[in-house]
Amino acid sequence: MPLTTDEDVRQLLTETRTIAVVGASDRPDRPSWGVMRVMQDWGYRILPVNPQISGEHVHGEYVWRELGQIGEPIDMVDIFRQPGAAGDAVDEAIAAGAKSVWMQLGVINGAAAARAEVAGLKVVMDRCPAIELRRLGIAKTT
């Protein structure tokens, strides 16, 4: 079952240090661009993932083509994809050894969440970590 309590979400955000953002954008008008900036401001390491802009840099970080290329531990995979495409991102997160997946506002995919949980990942759906940081009063680590 996805994490829903404030305490569970707070604990996940407190334990997390490295976040891969699937569907990262280099466009300031896109939600993923702003969320990545907020998460960096809070002290998280952001690893953007987007095959359309791989090799470029967003917020000073190299953009990866896919999660499997990253080659370093990933605490959380933050998914900015349509609900139907979220399953592929979840499967990649499982294969990459991520500890959790976070499906953004409007991204609800119960089957993908169930696969992640069976694989031992924590799951959050239909929420934004940048909003939750502020709402829960989590202190910046920078």
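Here is a short report on the structure shown in this document. (Residues numbered from 1 in each chain as written. Predicted model: local features only at pLDDT ≥ 70, side-chain atom pairs only at ≥ 80, totals over all residues. Heavy atoms only, no water.)

### With respect to helix α4 (residues 110–118)
Part 1 of the reasoning: The set of residues buried in α4 consists of A112, A113 and A116. Looking straight down α4, one finds that the buried residues subtend no more than 100° of arc, so they occupy a single side.
Part 2 of the reasoning: Contacts made by the buried residues of α4 are with α3 (83–96), β6 (100–103) and β7 (122–124).
Part 3 of the reasoning: Taking the backbone nitrogen of A111 as reference, a side-chain oxygen 3.3 Å away marks N109 as the first, capping residue of α4.
Part 4 of the reasoning: One or two positions beyond α4, positive phi appears at G120, with a value near 95°. (Buried < 20%, exposed > 50% of the residue type's maximum accessible area, 1.4 Å probe, protein only. Helix = DSSP H or I, 4+ residues; strand = E, 2+ residues; numbered from the N terminus. Arc of directions from axis to C-beta. Contact = heavy atoms within 4.5 Å. Polar contact = N/O pair within 3.5 Å; in protein donor to acceptor, adjacent residues only side chain to side chain.)

### With respect to helix α5 (residues 129–136)
Owing to its 3.6 residues per turn, the α-helix brings residues three or four apart onto one side.
Part 1 of the reasoning: Within α5 the residues assigned to the buried category are P129, A130, E132, L133 and L136. End-on view of α5: buried residues confined to an arc of 165°, all on one side of the axis.
Part 2 of the reasoning: In this structure, the buried side of α5 is in contact with α1 (6–15), α2 (31–41), β5 (76–79) and β6.

### So, the pairing of β5
Part 1 of the reasoning: Both faces of β5 are covered, namely the face carrying M76 and D78 and the face carrying V77 and I79.
Part 2 of the reasoning: Sheet analysis places strand β1 (residues 18–22) next to β5, joined by four bridges and oriented parallel. Note that in β5 the partner of V22 across the bridge is I79.
Part 3 of the reasoning: As defined by bridge partners, β5 adjoins β6 across four bridges and the pair is classed as parallel. Bridging across to β6, V77 finds its partner in V101. (Pairing = 2+ DSSP bridges.)

### So, the sheet that holds β1
Part 1 of the reasoning: The parallel open sheet is built from five strands, whose spatial order is β2-β1-β5-β6-β7. Sheet topology places β2 (45–49) and β7 at the edges, where each strand pairs with a single neighbour. Direction aside, the axes of adjacent strands within the sheet are offset by 20° on average.
Part 2 of the reasoning: Docked against the sheet, α2 engages β1, β2 and β5, running at close to 160° with respect to β2. (Axes fitted to C-alpha atoms, helices over the stretch in contact; angles between N-to-C directions.)

### Some details on the packing of aromatic side chains
One pair of aromatic rings is described through two measures. These are the centre distance and the angle between the planes.
Part 1 of the reasoning: Here the structure, examined in full by the defined rule, presents one aromatic pair.
Part 2 of the reasoning: The interplanar angle of 70° and the centroid separation of 4.8 Å between the aromatic rings of Y62 and W64 together place this pair among those described as edge-to-face.
Part 3 of the reasoning: Residue classification places W64 among the partly exposed positions, given a relative accessible area of 21%.
Part 4 of the reasoning: The ring centre of Y44 lies 4.6 Å from the NZ or CZ of R17, which sits over that ring.
Part 5 of the reasoning: The ring of W42 carries K140 above its face, with NZ or CZ at 5.0 Å from the centroid. (Phe/Tyr/Trp six-rings, centres within 6.5 Å; stacked < 30°, edge-to-face > 60°. Lys NZ or Arg CZ within 6 Å of the ring centre and 35° of its normal.)

### Let's talk about the side chain of D78
Part 1 of the reasoning: Of note, D78 is situated in strand β5.
Part 2 of the reasoning: Buried and without a salt bridge, D78 has R81 as its closest oppositely charged side chain, separated by 12 Å.
Part 3 of the reasoning: At 2.9 Å, the side chain of D78 forms a polar contact with the side chain of Q104. (Lys, Arg positive; Asp, Glu negative; His and termini not counted. Salt bridge = Lys/Arg side-chain N within 4 Å of Asp/Glu carboxyl O.)

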